[in-house]
Amino acid sequence: PPAARTSADEATCSLARSRMLSRLLHSSRGIAAAVRPASARACSTLGEAGKVAVNGVNLHYLRNGSSGPPLVCLPGAMGTAETDFAPQLRSLSETMQVVSFDPRGYGQSRPPRRDFPVDFYQQDADDAAALMAALGYDEYNVVGWSDGAIAAVLLAAKQTKAVGKLVVFGGNAFFTQEDVEAY
């Protein structure tokens with residue numbers, strides 16, 4: 001579990017964010033200059049930020065909370081840890097160890113570009129399981145939103161010893177023949 005953030009950590013993160021914003025605002029290149037320096041990657045108002053190499057990709061993750069049961073949150077299509085689970089990373093971290101990540105090809109888990117092989121939901125489920133193992137969690141609860149809900153169900157089905165509880169919302173309950181033919 002991560003150590004509690006100190007006021008010195010917050011000051012360092014605040015300074016790094018301020019410098020990044022200043023560079024962006026004073027740059028003639030505009031948005032292209034908004035690349036975060038390596039030192040700012042570990043700073044987040046949502047907890048610890050990092051990257052872990054799993055299944056051939058480097059996944060960006062956010063983790064907040066130091067006690068209670070671990071919970072991994074799987075984002076939906078085009079979503080990231082921050083866009084889909086910021087409130088949970090803040091609020092649930094008071095009673096849980098909350099982890100979320102940017103799926104391969106999204107957010108700060110690029111490269112690679114996002115691809116959609118036939119088993120991409122299973123690929124996301126396997127990435128989540130590998131991330132949790134790499135972070136030292138043998139057992140955890142799972143929340144999935146949208147496409148992350150589908151991957152969460154697959155994760156729970158395959159990792160029966162690791163997954164305790166499963167919450168899904170906004171996922172597809174079935175595929176039509178048209179969906180199948182699209183793939």
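Residues numbered from 1 in each chain as written. Predicted model: local features only at pLDDT ≥ 70, side-chain atom pairs only at ≥ 80, totals over all residues. Heavy atoms only, no water.

Novice: Help me out: how do you make sense of the packing of aromatic side chains in this one?
Specialist: Each aromatic ring pair is described using two quantities: the centre-to-centre distance and the angle formed by the ring planes. This model, assessed by the stated rule, comprises three aromatic pairs. The interplanar angle of 35° and the centroid separation of 4.2 Å between the aromatic rings of Phe-120 and Tyr-121 together place this pair among those described as tilted. Seen in terms of ring centroids, Trp-145 and Phe-169 are 5.3 Å apart; in terms of plane orientation they differ by 35°. Their pairing is tilted. You can see Trp-145 sitting in strand S5 (residues 140-145) and its partner Phe-169 sitting in strand S6 (residues 163-169), a full 24 residues away along the chain. (Phe/Tyr/Trp six-rings, centres within 6.5 Å; stacked < 30°, edge-to-face > 60°. Helix = DSSP H or I, 4+ residues; strand = E, 2+ residues; numbered from the N terminus.)

Novice: Even after reading the chapter, I still don't get helix H3 (residues 120-134), so can you show me in this structure?
Specialist: Owing to its 3.6 residues per turn, the α-helix brings residues three or four apart onto one side. Taking 1.5 Å of rise per residue, 15 residues should cover 21 Å, and H3 covers 21 Å from first to last C-alpha, within 8% of that figure. For H3, the full list of buried residues reads Phe-120, Tyr-121, Gln-123, Asp-124, Ala-125, Asp-127, Ala-128, Ala-129, Leu-131 and Met-132. Just downstream of H3, Gly-136 is the residue with a positive phi angle, here 90°. (Expected span 1.5 Å × (residues − 1). Buried < 20%, exposed > 50% of the residue type's maximum accessible area, 1.4 Å probe, protein only.)

Novice: How do you make sense of the nonpolar core when you look at a structure like this?
Specialist: Core analysis: the biggest nonpolar cluster contains 24 residues, and Leu-74, Phe-101, Tyr-140, Val-142 and Leu-155 have the highest contact counts within it. Those elements that provide at least two residues to this core are strand S1 (48-54), strand S2 (57-64), strand S3 (70-74), strand S4 (97-102), H3, S5 and helix H4 (147-158). Per-element tally for this core: the top contributor is H3, with five residues. Non-local contacts of Val-142, meaning those with residues more than four positions away in its chain, are made with Leu-71, Val-72, Leu-74, Ala-152, Leu-155, Val-163, Lys-165, Leu-166 and Val-167. Residues Leu-46, Leu-62, Val-98 and Val-143 belong to the second largest nonpolar core, which totals eleven residues. (Core = buried A, V, L, I, M, F, W, Y, C linked by side-chain atoms within 4.5 Å. Contact = heavy atoms within 4.5 Å.)

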